[in-house]
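If you want the building blocks of each chain, they are given just below.
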Amino acid sequence: MIKEAVTASRTVRTFDESSPVSREMLLSLIDTARLSPSAMNAQPLRYKPVTDKDTVETLVSMTKYGGALPDLKLPPDGHHPTAFIAVCADTEVTGRFAMFDAGLACQSLMLKASEEGIGGVILASFVPEKVAELLSLGERYVPLVLIALGKPDEQVRLTNADGSTKYYRDENNVHVVPKRRLEDIIL
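If you're wondering where the values come from, they're calculated on a predicted model, not measured in any experiment. (Residues numbered from 1 in each chain as written. Predicted model: local features only at pLDDT ≥ 70, side-chain atom pairs only at ≥ 80, totals over all residues. Heavy atoms only, no water.)

Asks: Quick question: what am I supposed to make of the overall build of the chain here?
Replies: A count of helices and strands for the chain gives six helices and eight strands. When its helices and strands are written in sequence order, the chain yields α-β-α-β-α-β-α-β-α-β-β-β-β-α. A globule of 187 residues ought to have a C-alpha radius of gyration of about 16 Å, and the chain, at 17 Å, matches this closely. Along the first, second and third principal axes, the C-alpha set of the chain runs to 45 × 45 × 30 Å. Counting across all 187 residues of the chain, residues that qualify as buried make up 40%. The long-range fraction of contacts in the chain, counting pairs at least 24 apart against all pairs at least 6 apart in sequence, stands at 75%. Split by element, the accessible area of the chain, about 10,800 Å² in all, is 52% carbon and sulfur. Looking at the chain, you have 21 positive and 25 negative side-chain charges, and the mean spots of the two groups are 4 Å apart. (Helix = DSSP H or I, 4+ residues; strand = E, 2+ residues; numbered from the N terminus. Rg over C-alpha atoms; globule rule 2.2 N^0.38 Å. Buried < 20%, exposed > 50% of the residue type's maximum accessible area, 1.4 Å probe, protein only. Contact = heavy atoms within 4.5 Å. Areas by Shrake-Rupley, 256 points an atom, 1.4 Å probe, with all protein chains shown as cover. Lys, Arg positive; Asp, Glu negative; His and termini not counted. Charge placed at Lys NZ, Arg CZ, Asp CG, Glu CD.)

Asks: Explain the sheet that holds strand β6 (residues 156–160) to me, please; I cannot follow it from the model alone.
Replies: Consider a sheet: its strands pair through backbone hydrogen bonds, and that pairing is either parallel or antiparallel. Taken together, the three strands give an open sheet; going across it, the order is β6-β8-β7, and neighbouring strands pair in mixed fashion. In the strand order of this sheet, the two ends are held by β6 and β7 (168–169), each with one partner. Here β6 pairs with strand β8 (residues 175–179) via five bridges, running parallel. Bridging across to β8, Val156 finds its partner in His175. (Pairing = 2+ DSSP bridges.)

Asks: How should I be thinking about helix α2 (residues 23–33) in this particular structure?
Replies: Note on helix geometry: an α-helix contains 3.6 residues per turn, so any two residues three or four positions apart are oriented the same way. Among the residues of α2, those classed as buried are Leu26, Leu29, Ile30 and Ala33. Within α2, the buried residues cover an arc of 100 degrees as seen down the axis, which keeps them to one side. Contacts from the buried residues of α2 go to β2 (45–50), β3 (83–90), α4 (98–115) and β5 (141–152). (Arc of directions from axis to C-beta.)

Right under this line is the structure:
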């Protein structure tokens, strides 16, 4: 069951804007993330949910999606996410493991989102100071990653990697993600 959940939880970069993600749903996702393991149980992460349309649009303009597909405009116009969660480090708590904690929390959050029919993409391509200013985070909270969320409006398919692991769009605009085979990663 866990393997199926991980397989189903895929990054999406195209969203159905007619189906917004509510603040209550974001809080449910954050509640799941907070239960994730934390190095030394320091729990340095803080979360900023964002559903305000203007702020969401500004965050879309401040982030980059799909670096392996530079010729595509992602997300496409009319298919933007409807919410974001900023995953931040509390500088009064954080240690050197905050980014590891963020990885664990984001995985838990994305699994819960997938279970709820929500898709997303975890983004690190942004200027943290500009995001902190936009979201009025102050100096104490440093954005580590942003998670763009919404109802998926694209298909994602896993395939076995034959050399390259670079993702691509096929002739039907399906997002194809090559994954290394088990025998290729065992030492």
